[in-house]
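What follows is each chain in one-letter form.
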Amino acid sequence: MRTLLLASVNGARSAADGAAVPLSPADLTESALAAVAAGAGEVLVHPRTPCGRESLSPRVVGPVLAAMRGAGVHVPLSVPAVIGAEPDPAGRLERVRSWTVLPDRAVVHFGEPGAEELGRALLARGVSVDAVVPVGGPAGPEPMARFLAWPVRGPGRVRLAVELAAADPALVAGLRGLPPVAVLVYGREAAAWPVLRLAAHCGTGVRTGVGDTLHLPDGRPARSTAELVAAARELIPRDAAAPGATAANR
């Protein structure tokens, strides 16, 4: 089985970041289809209002998810339930509880207030959780401590998504001994490709897409998330761990 590769098709990008960033539901759907064809096993999409603002409103999230599924994106779809989409913790809870079309997974950032309650609310709705924990950056140890103290450990329903500030093998080694949940490791911008190489060789899930980087491994501008996914597949060892690798079995 192949290493899990999640495609981040737009992230926090805007039109100012160039033509590689899809904006409309139709463009997001086209990007997702191409990314899956290139080898992505999951898709992360940041739904946006017509004016380009990230939103957790059911009137924004639902149509994007429905368009993707209706067009044939038959892999798990994730959306971010984070401050960028709704600054108020109570507002985030209200939004996810009002969703009429559910994603398969939702991103919950454990460096943000209200993460624990938000994660429980998502799980109660049948939405799996990607618990984002930044490691090696300015956030310090608190987000990881909050995740480790979170008593929720639904088998197959909670995944630890570790954002590494740099491709430091010691940071990945530090993940050993954590609770036996699936692990996905990724970096952003200059850290994106070094971290992806390290994560792939360590057997965790990986992530790429224009939401994380606008450049290919050789520094050339990427034309699409599909091009980034294809490049990532070339960097993943043939004998890398199967999807669902956990911190405990590396």
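My aim in this report is to walk through the structure given alongside it, one point at a time. Because the structure is a prediction, the values reported are computed rather than measured. (Residues numbered from 1 in each chain as written. Predicted model: local features only at pLDDT ≥ 70, side-chain atom pairs only at ≥ 80, totals over all residues. Heavy atoms only, no water.)

1. A few points about unusual backbone geometry
Next, step 1: With phi around 50°, E189 is a residue other than glycine that occupies positive phi space.
Next, step 2: A relative accessible area of 43% places E189 in the partly exposed class. (Buried < 20%, exposed > 50% of the residue type's maximum accessible area, 1.4 Å probe, protein only.)

2. Brief notes about the packing of aromatic side chains
The geometry of an aromatic ring pair is captured by two quantities: the separation of the ring centres and the angle between the planes.
Next, step 1: The tally for this structure, following the rule as stated, stands at 2 aromatic pairs.
Next, step 2: For the pair F110 and F147, a centre-to-centre distance of 5.7 Å together with 85° between the ring planes defines the contact as edge-to-face. Within this pair, whereas F110 is found in the loop between β4 (105-109) and α4 (115-124), its partner F147 is found in helix α5 (residues 142-149), the two being separated by 37 residues in sequence.
Next, step 3: Accessibility expressed as a relative area gives 0% for F110, which makes it buried.
Next, step 4: Judged by relative accessible area, which is 0%, F147 ranks as buried.
Next, step 5: Through successive ring pairs, a cluster of aromatic residues spans F110, F147 and W150.
Next, step 6: A cation sits over an aromatic face here: R207 above Y186, 3.7 Å from the ring centre. (Phe/Tyr/Trp six-rings, centres within 6.5 Å; stacked < 30°, edge-to-face > 60°. Helix = DSSP H or I, 4+ residues; strand = E, 2+ residues; numbered from the N terminus. Lys NZ or Arg CZ within 6 Å of the ring centre and 35° of its normal.)

3. Topic: the pairing of β4
Next, step 1: Most of β4 is tucked away, with 5 of its 5 residues classed as buried.
Next, step 2: Taking every second residue as pointing to the same face, both faces of β4 are buried, with R105, V107 and H109 on one and A106 and V108 on the other.
Next, step 3: Pairing of strand β3 (residues 77-80) with β4 involves 3 bridges; the strand directions are parallel. Residue pairing across strands places V79 opposite A106, the latter belonging to β4.
Next, step 4: Between the parallel pair β3 and β4, the chain is carried across by helix α3 (residues 89-98), and the sense of this crossover is right-handed.
Next, step 5: Relative to strand β5 (residues 128-135), β4 is paired through 5 bridges, and the arrangement is parallel. Of the residues in β5, the one forming a bridge with V108 is A131.
Next, step 6: Since β4 and β5 lie parallel, the crossover through α4 that links them has a hand, and here it is right-handed. (Pairing = 2+ DSSP bridges. Right-handed = clockwise from strand over helix to strand, strands pointing away.)

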